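# Analysis of the macromolecular model
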Amino acid sequence: MNSLRLAPRASAGILAVALGVAVSQKPNGPPPTAREDYREVLHGVELIDPYHWLENQSSPATRAWIEAQNSYTHSMLGRMPAPKAIRRRLTELMKIDTIGMPRERGGRYFFSRKRADQDRRVVCMRDGLNGKDEVLLDPDALFPDRSTTIQPSGISHDGKLMAYAVRQSGQDEVELRIHDVDSRKDLPDRLPKGLYSGVSFRHDKRGFYYSRRDRQAGGRIYYHAFASDPGRDVEVFGKATGPGQFLSAGVSEDGRYLLITVQHGWARNEVYLQDLEKNGPIRPIVKDIDELFYPEWAGPASLVVQTGWKAPKRRLLLVDIEDPAPGRWREIVPESADPIQWFSVIGGKLFVTYLHNVHTQVKTFSLEGKPLGEVPLPGIGSGGMFGRWNSDEGILYFSSFTMPFRSYRYNARTGARDLWFESKAPVDPAKFVTKQVWYTSKDGTRVPMFLVHRKGLKLDGNRPTLLTGYGGFNASMTPYFAAPAVLWAERDGVYALPNIRGGGEFGEEWHRAGMLDKKQNVFDDFIAAAEWLIANRYTNPARLAIEGASNGGLLVGAALTQRPDLFRAVLCLYPDLDMVRYYRYKENNNPPALLEYGNGADAAQFKFLYAYSPYERVKPGTNYPAVLLTTGEGDTRVPPQQACKMAAKLQWATGSGRPVLLRYDTKSGHAGGRPFSQVVEDVATEQAFLFWQLGVK
């Protein structure tokens, strides 16, 4: 890499912003932002970044600029007509009782819960199937700071110990604590704030295994002995890993083995095993194969492994851990026309979740691969099964765009099910239509899209429409309950979700067709979805809004810079936007994401990143849509500086006169941190912004 950096001089403009002194500003326009050309040459290309100074989040100039932007945004959003009706309806749809998936250990059921009147989730336990639900941990009682949340992170096999994570301001980094369930007290053992990925207790309860990742050095597996100094925890595995890998470790159900996975981004991983009973060496089960392998125990000495190896839509293999050579792996569920999303081994049977045209089907097989039938679901939507190989009890869950979440206890031996929990939202699914259409992308690829609207909706080419998507990291966008979908459909609008490349909806080939140098396919698919909605008289550019978060924020950032003529309003939430420089945000970024996006330090990857990076593609005088960008101080995964710089650049460049607003939350981040009442308020504000810009009454 050839890089020449020229440090910018301190400027009167920056000083003016820092001191609150007015500089050139349009009447009723955004606050001024100083432009200081920061020049550098990367791989023979000169880059000029006028807002490089905003990358220093702690400088007085940046803090003053953020405060000024928030004030401007607040004043502009205060002009929106009738947001109270939107807030009222979203409150009805979102402020409902919810619980997480229960996990049974030692006859006790553990789960998180949030009642409609609560702002933060509590951790609960039910002692026995018919026991009373008890609150184990209540963040309102433990942490006065409402941006602090807690969540279970591991439970001992007998249900007597529970690890939980304490998260501040939505940061990815958490503190780990251990709770004694019988005494209802925390143990003295605490792990300091870091990037952890779960806790797995030894069956003798002398200690536990955990994974901790350093953003620069990579991940490691450690063992912590109770009542010992965490600073002296034993490193078990991981010296050869780097910053692009995630590690996780779990003790088997019988307590004998430690299963370790090393994930290289979202397209490849490795699997290792250690015999704890014999204190044996850590030996590979899967290594040096360029594919994903997801293992699950199917007995004391067998693993079932889901993989796309030699089967892009995935298959299941049975592995004998005493003889784990690839040549001895046995295929038990072959690849089919529908991709496997995941699977569970429950009561000695395989429950395999397929995606059939992007909605869930659950089929049952014996461990020998014999088909045993299908688990009926309430409709077209998203569902699945979770459980353990040595118990007949599983948990079946289901949701759809207009049907809130529900879960059932499922008996793997008899097929009987009992409703465990049902979220009750005031919505009648019978009033709405959910349908799937197919359209053709730029390169001829056929792409499906879900549409939600009121029954009997007249297609006059003028329906207000919200188009959303993600397209990356092997994530499948299936029909989950979405309050905005109901909101738009109730107002004679359309909610549209295309299943663009980069996700896992059609297997690993679909994922890889939207990563690295093929990322432009993702944007082409999304733009083609907008064009299809217009051509088929659902809407028009003046009535079309787009929304995306995180990688979806990159999606809508690329769409608005590549086709600003197609959209009237944009919600860009916690976004990746400065793709050329992404690898440099070392204090708050996600190194494994470089394996999905590409790394600007590499000359070949710089070329395609530079070609589509939304921040680089902003051009002065362009009639850009109205844009609301949202980010947060606690975002340690997607650098918030990207949204700040993009807001400044769009405000300077746009020739449309439409607002470009930045909402910067000083207490939240990528992983949450907002009290639920604020979440509802923020979603209502975002949807009101879109309705305002689209002229929805």
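Values in this document were obtained by computation on a predicted structure and should not be read as measured data.

### Looking at the overall build of the protein chain
- When its secondary structure is counted, the protein chain shows 13 helices and 38 strands.
- Computed over C-alpha atoms, the radius of gyration of the protein chain comes to 26 Å, within 12% of the 26 Å expected from 2.2 N^0.38 for 697 residues, which places it in the range of a compact globule.
- Once the C-alpha set of the protein chain is aligned to its principal axes, its extents read approximately 70 × 60 × 50 Å.
- The buried share among the 697 residues of the protein chain stands at 60%.
- Nonlocal contacts in the protein chain, meaning residues at least 24 apart in sequence, comprise 57% of its contacts between residues at least 6 apart.
- For the protein chain, the computed accessible surface area is about 27,200 Å², with 50% contributed by carbon and sulfur atoms.

### Focus: unusual backbone geometry
- For arginine 184, which is not glycine, the phi dihedral falls at a positive 60°.
- Summarising the element assignment, arginine 184 is placed in the loop between β10 (174-180) and β11 (185-201).

### Some words on the pattern of salt bridges
- Inspection of every chain in the model, using the stated rule, returns 54 salt bridges.
- Close ionic contact of glutamate 40 with arginine 584 constitutes a salt bridge, the shortest N to O distance being 2.8 Å. Of the two residues, glutamate 40 sits in strand β1 (residues 38-42) while arginine 584 sits in the loop between β36 (569-573) and α9 (594-597), which places them 544 residues apart along the sequence.
- According to the relative accessible area criterion, glutamate 40 is buried, its value standing at 2%.
- Residues arginine 563 and glutamate 531 are paired through a salt bridge, measuring 2.8 Å at the closest nitrogen-oxygen approach. Of this pair, arginine 563 sits in the loop between α8 (551-562) and β36 while glutamate 531 sits in helix α7 (residues 520-535), and the two are 32 residues apart along the sequence.
- Each of Glu40, Asp49, Glu55, Asp578, Arg581, Arg584, Glu616 and Lys645 takes part in one network of salt bridges that share partners.

### Overview of the nonpolar core
- Counting 118 residues, the largest nonpolar core has Met449, Leu451, Leu467, Leu629 and Phe689 as the members making the most contacts within it.
- In terms of residue count, helix α13 (residues 676-694) provides more of this core than any other element does, 10 residues in total.
- Once residues within four sequence positions are removed from consideration, leucine 451 is found in contact with Val433, Thr434, Lys435, Val437, Val494, Tyr495, Ala496, Trp532, Leu533 and Tyr538.
- Ranked by size, the runner-up nonpolar core spans 16 residues in total, among them Tyr257, Val271, Leu317 and Val319.

### So, the packing of α7 against α8
- Running from N to C, α7 and α8 cross one another at 70°; their axes reach a closest spacing of 10 Å. Of the possible angle classes, the one that applies to α7 and α8 is roughly perpendicular. The chirality of how α7 crosses α8 is right-handed. For the pair α7 and α8, contact is made by Gln520, Val522, Phe523, Phe526 and Ile527 and by Leu554, Leu555, Val556, Ala558, Ala559 and Gln562, respectively.
- Among the residues forming the contact of α7 with α8, the class breakdown is 9 nonpolar, 2 polar and no charged.

### Looking at the confidence of the model for the protein chain
- Here the protein chain averages 93 in pLDDT, while 95% of its residues score no lower than 70.
- This model gives residues 1-25 a pLDDT under 50, and the stretch forms 46 contacts once residues within four places in sequence are excluded.

### A closer look at the packing of aromatic side chains
- Under the defined criterion, the tally for this structure stands at 32 aromatic pairs.
- Seen from their ring centres, phenylalanine 111 and tryptophan 420 are 6.1 Å apart, and the 90° between their planes marks the pair as edge-to-face. Note that phenylalanine 111 is positioned in strand β5 (residues 108-114) and tryptophan 420 in strand β30 (residues 417-422), a separation of 309 residues in sequence.
- Here phenylalanine 111 falls in the buried class, since its relative accessible area comes to 3%.
- When its relative accessible area of 13% is taken as the criterion, tryptophan 420 is described as buried.
- Measuring from centroid to centroid gives 6.5 Å for tryptophan 342 and tyrosine 397, while their planes differ by 15°, and the two rings are stacked. Of this pair, tryptophan 342 sits in strand β23 (residues 340-346) while tyrosine 397 sits in strand β28 (residues 393-400); the two residues are 55 residues apart in sequence, bridging distant segments of the chain.
- The rings of Tyr196, Phe201, Phe208, Tyr210, Tyr222 and Phe226 are connected pair by pair, giving a single aromatic cluster.
- Arginine 417 extends its terminal NZ or CZ atom over the ring of tyrosine 408, reaching a point 5.4 Å from the ring centre.
- Between the NZ or CZ atom of lysine 649 and the centre of the ring of tyrosine 615, over which it lies, the distance is 4.2 Å.

### A few points about the environment of glutamine 361
- By the secondary structure assignment, glutamine 361 is in strand β25 (residues 359-366).
- A sequence separation of 16 residues divides glutamine 361 from leucine 377, and the C-alpha atoms of the two residues are 7.7 Å apart.
- Dropping the residues within four chain positions of it, glutamine 361 is found in contact with Asp338, Val352, Thr353, Tyr354, His356 and Glu374.

### Brief notes about helix α5 (residues 483-490)
- Of all 8 residues that make up α5, 7 are buried, and the element is covered over most of its length.
- Within α5, the full set of buried residues consists of Ala483, Pro484, Ala485, Val486, Leu487, Trp488 and Ala489.
- Trailing α5 by a residue or two, aspartate 492 shows a phi angle of about 55°, which is positive.

### Some words on the sheet that holds strand β16 (residues 257-264)
- Spatial strand order, β15-β16-β17-β18: 4 strands in an open sheet with antiparallel pairing. For this open sheet the edge positions go to β15 (245-251) and β18 (283-286), each flanked by a neighbour on one side alone. Strand-to-strand twist across the sheet, computed as the mean angle between neighbouring axes with direction ignored, equals 25°.
- As paired strands, β16 and strand β17 (residues 268-275) are joined by 8 bridges and run antiparallel to one another. Note that in β17 the partner of glutamine 263 across the bridge is asparagine 269.

### Some details on the packing of helix α3 (residues 83-94) against α13
- Interhelical geometry of α3 versus α13 gives an angle of 135° and a closest axis separation of 9 Å. On the basis of the axis angle, α3 is oblique to α13. The way α3 lies across α13 gives a crossing that is right-handed. Residues Pro83, Ile86, Arg87, Leu90, Thr91 and Met94 of α3 lie in contact with α13, whose contacting residues are Phe676, Val679, Val680, Glu681, Val683, Ala684, Gln687, Ala688 and Phe691.
- Class assignment for the residues of the contact of α3 with α13 results in 11 nonpolar, 2 polar and 2 charged.

### Quick look at the state of the cysteines
- Summed over the entire model, instances satisfying the criterion amount to 0 disulfides.
- With no disulfide of its own, cysteine 572 lies closest to cysteine 644 among cysteine sulfurs, the gap being 12 Å.
- Judged by relative accessible area, which is 1%, cysteine 572 ranks as buried.

So, how was this worked out
- Residues numbered from 1 in each chain as written.
- Predicted model: local features only at pLDDT ≥ 70, side-chain atom pairs only at ≥ 80, totals over all residues.
- Heavy atoms only, no water.
- Helix = DSSP H or I, 4+ residues; strand = E, 2+ residues; numbered from the N terminus.
- Rg over C-alpha atoms; globule rule 2.2 N^0.38 Å.
- Buried < 20%, exposed > 50% of the residue type's maximum accessible area, 1.4 Å probe, protein only.
- Contact = heavy atoms within 4.5 Å.
- Areas by Shrake-Rupley, 256 points an atom, 1.4 Å probe, with all protein chains shown as cover.
- Salt bridge = Lys/Arg side-chain N within 4 Å of Asp/Glu carboxyl O.
- Core = buried A, V, L, I, M, F, W, Y, C linked by side-chain atoms within 4.5 Å.
- Axes fitted to C-alpha atoms, helices over the stretch in contact; angles between N-to-C directions.
- Parallel < 35°, antiparallel > 145°, perpendicular 65-115°, else oblique.
- Left-handed = near helix turned anticlockwise from the far one by under 90°.
- Nonpolar A, V, L, I, M, F, W, Y, C, P; charged D, E, K, R; others polar.
- pLDDT = per-residue confidence, 0-100.
- Phe/Tyr/Trp six-rings, centres within 6.5 Å; stacked < 30°, edge-to-face > 60°.
- Lys NZ or Arg CZ within 6 Å of the ring centre and 35° of its normal.
- Pairing = 2+ DSSP bridges.
- Disulfide = S-S within 2.5 Å.

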